[in-house]
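One-letter residues, chain by chain:
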Amino acid sequence: KEGTPIHIGRSLTLKATHHARAGELEVALQAVKTSLETYDVVLHSTDMAAEYGRDFAIECVAESAQWLFLSGLTDEAIKRADFVVERYLKMLDPEDVDSTMYAVFPVLQVYSLVGRAEDASTLFHHRILQPYEDDPGACEFWAPIFIPLTCLLQVVAMDEENSALLAEIAEW
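Presented here is an overview of the structure given in this document. (Residues numbered from 1 in each chain as written. Predicted model: local features only at pLDDT ≥ 70, side-chain atom pairs only at ≥ 80, totals over all residues. Heavy atoms only, no water.)

## Some details on the pattern of salt bridges
At step 1: What the rule picks out here adds up to four salt bridges.
At step 2: Glutamate 59 is the partner of arginine 54 in a salt bridge, and the nearest nitrogen-oxygen pair spans 2.6 Å.
At step 3: Its salt-bridge partner being arginine 116, residue aspartate 119 comes within 2.7 Å of it at the nearest N-O pair.
At step 4: The exposure class assigned to aspartate 119 is partly exposed, which follows from its relative accessible area of 36%.
At step 5: Linked by salt bridges that have partners in common, Asp82, Arg116 and Asp119 make up one network. (Salt bridge = Lys/Arg side-chain N within 4 Å of Asp/Glu carboxyl O. Buried < 20%, exposed > 50% of the residue type's maximum accessible area, 1.4 Å probe, protein only.)

## What to know about the packing of aromatic side chains
At step 1: Evaluation of the coordinates by the stated rule reveals seven aromatic pairs.
At step 2: Ring centres of phenylalanine 83 and tyrosine 88 lie 4.9 Å apart, and the angle between their planes is 70 degrees; this geometry places the pair in the edge-to-face category.
At step 3: Residue classification places tyrosine 88 among the buried positions, given a relative accessible area of 8%.
At step 4: Centre to centre, the rings of tyrosine 102 and phenylalanine 141 are 6.0 Å apart; their planes meet at 15 degrees, and the pair counts as stacked. Remark: phenylalanine 141 occurs in the loop between helix H7 (117-134) and helix H8 (146-161) and tyrosine 102 occurs in helix H6 (residues 97-113); sequence separation between them is 39 residues.
At step 5: The class of tyrosine 102 is partly exposed, set by a relative accessible area of 22%.
At step 6: With a relative accessible area of 56%, phenylalanine 141 lands in the exposed category.
At step 7: Among the aromatic residues, those joined into a ring-pair cluster are Tyr102, Phe105, Phe141 and Trp142. (Phe/Tyr/Trp six-rings, centres within 6.5 Å; stacked < 30°, edge-to-face > 60°. Helix = DSSP H or I, 4+ residues; strand = E, 2+ residues; numbered from the N terminus.)

## As for the nonpolar core
At step 1: The biggest cluster of nonpolar side chains holds 46 residues, and the ones touching the most others in it are Trp67, Met101, Leu108, Phe124 and Phe146.
At step 2: Sort the elements by how many residues they give to this core and helix H4 (residues 56-70) lands first, with nine residues.
At step 3: Excluding residues that lie within four positions of it along the chain, phenylalanine 146 makes contacts with Val97, Met101, Phe124, Ile128, Leu129, Tyr132 and Cys139. (Core = buried A, V, L, I, M, F, W, Y, C linked by side-chain atoms within 4.5 Å. Contact = heavy atoms within 4.5 Å.)

## Concerning the layout of surface pockets
At step 1: The computed volume of the largest pocket comes to approximately 290 Å³.
At step 2: Lining the largest pocket are 16 residues; nearest its centre among them are Thr17, Arg21, Arg54, Glu59 and Glu63.
At step 3: Contributions of two or more residues to the lining of the largest pocket are made by helix H1 (5-21), H4 and H6.
At step 4: Partitioning the lining of the largest pocket into residue classes produces seven nonpolar, four polar and five charged. (1 Å grid on protein atoms, 1.4 Å probe; cavity = no way out; pocket = protein on both sides within 12 Å on 5 of 7 lines; lining within 4 Å. Points joined across faces, edges and corners; volume = space filled by probe spheres on them. Nonpolar A, V, L, I, M, F, W, Y, C, P; charged D, E, K, R; others polar.)

## A short note on H4
At step 1: For H4, which comprises 15 residues, the first-to-last C-alpha distance of 21 Å matches the rise-based estimate of 21 Å (1.5 Å per residue) to within 8%.
At step 2: For H4, the buried fraction is high: twelve of the 15 residues fall into the buried class.
At step 3: As for H4, its buried residues are in contact with H1, helix H2 (25-38), helix H3 (41-52), helix H5 (74-88) and H6.
At step 4: By the N-cap criterion, in which a side-chain oxygen at the helix start approaches the backbone nitrogen of a residue two or three places on, H4 is capped by aspartate 55, the distance to alanine 57 being 2.9 Å.
At step 5: One or two positions beyond H4, positive phi appears at glycine 72, with a value near 85 degrees. (Expected span 1.5 Å × (residues − 1). Polar contact = N/O pair within 3.5 Å; in protein donor to acceptor, adjacent residues only side chain to side chain.)

## Observations regarding the packing of H4 against H5
At step 1: Across the interface, H4 lies against H5 with an axial gap of 7 Å and an inter-helix angle of 160 degrees. On the basis of their axis angle, the class for H4 and H5 is roughly antiparallel. Note that H4 runs across H5; the crossing there is left-handed. Judged by residue contacts, Ile58, Val61, Ala62, Ser64, Ala65, Leu68 and Phe69 of H4 engage Thr74, Glu76, Ala77, Arg80, Ala81, Val84 and Tyr88 from H5.
At step 2: Within the contact of H4 with H5, the residues separate by chemical class into ten nonpolar, two polar and two charged. (Axes fitted to C-alpha atoms, helices over the stretch in contact; angles between N-to-C directions. Parallel < 35°, antiparallel > 145°, perpendicular 65-115°, else oblique. Left-handed = near helix turned anticlockwise from the far one by under 90°.)

Laid out in structure tokens, this is it:
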């Protein structure tokens, strides 16, 4: 099936990730744009997951929210993160916590950076922690960071809500 949307989508996500890691965010974002034009999540997500183990295109679009933020395009980063939550997360198997976390983690980071720590915490609890608590075997790779990430999201939320209390705790 050479040249099919799943393989093209996977190739473009590899290109985007490579350029993002090299600090070439414009090139990475262009690859994501091309991927979104070529790869239809609704039509191809199941096939990509079957072929490659998970939907790398969804993950790449989620990561691109971070790249937009780092490029100074905060409003676009928020829109992209919201888009991933509203449109793509429902495409992922909720019982596959590891795969879901790959898409959720970049969104958590963007939400935390733009003053939406409470949204990040809610997303994390509903999409990651609750399914993990229901079936701890559903997540092996990400599980060790769940407790630190929960604490970090609480601290960020505290900072947004009551920086005086956080300063008092830090001083203590």
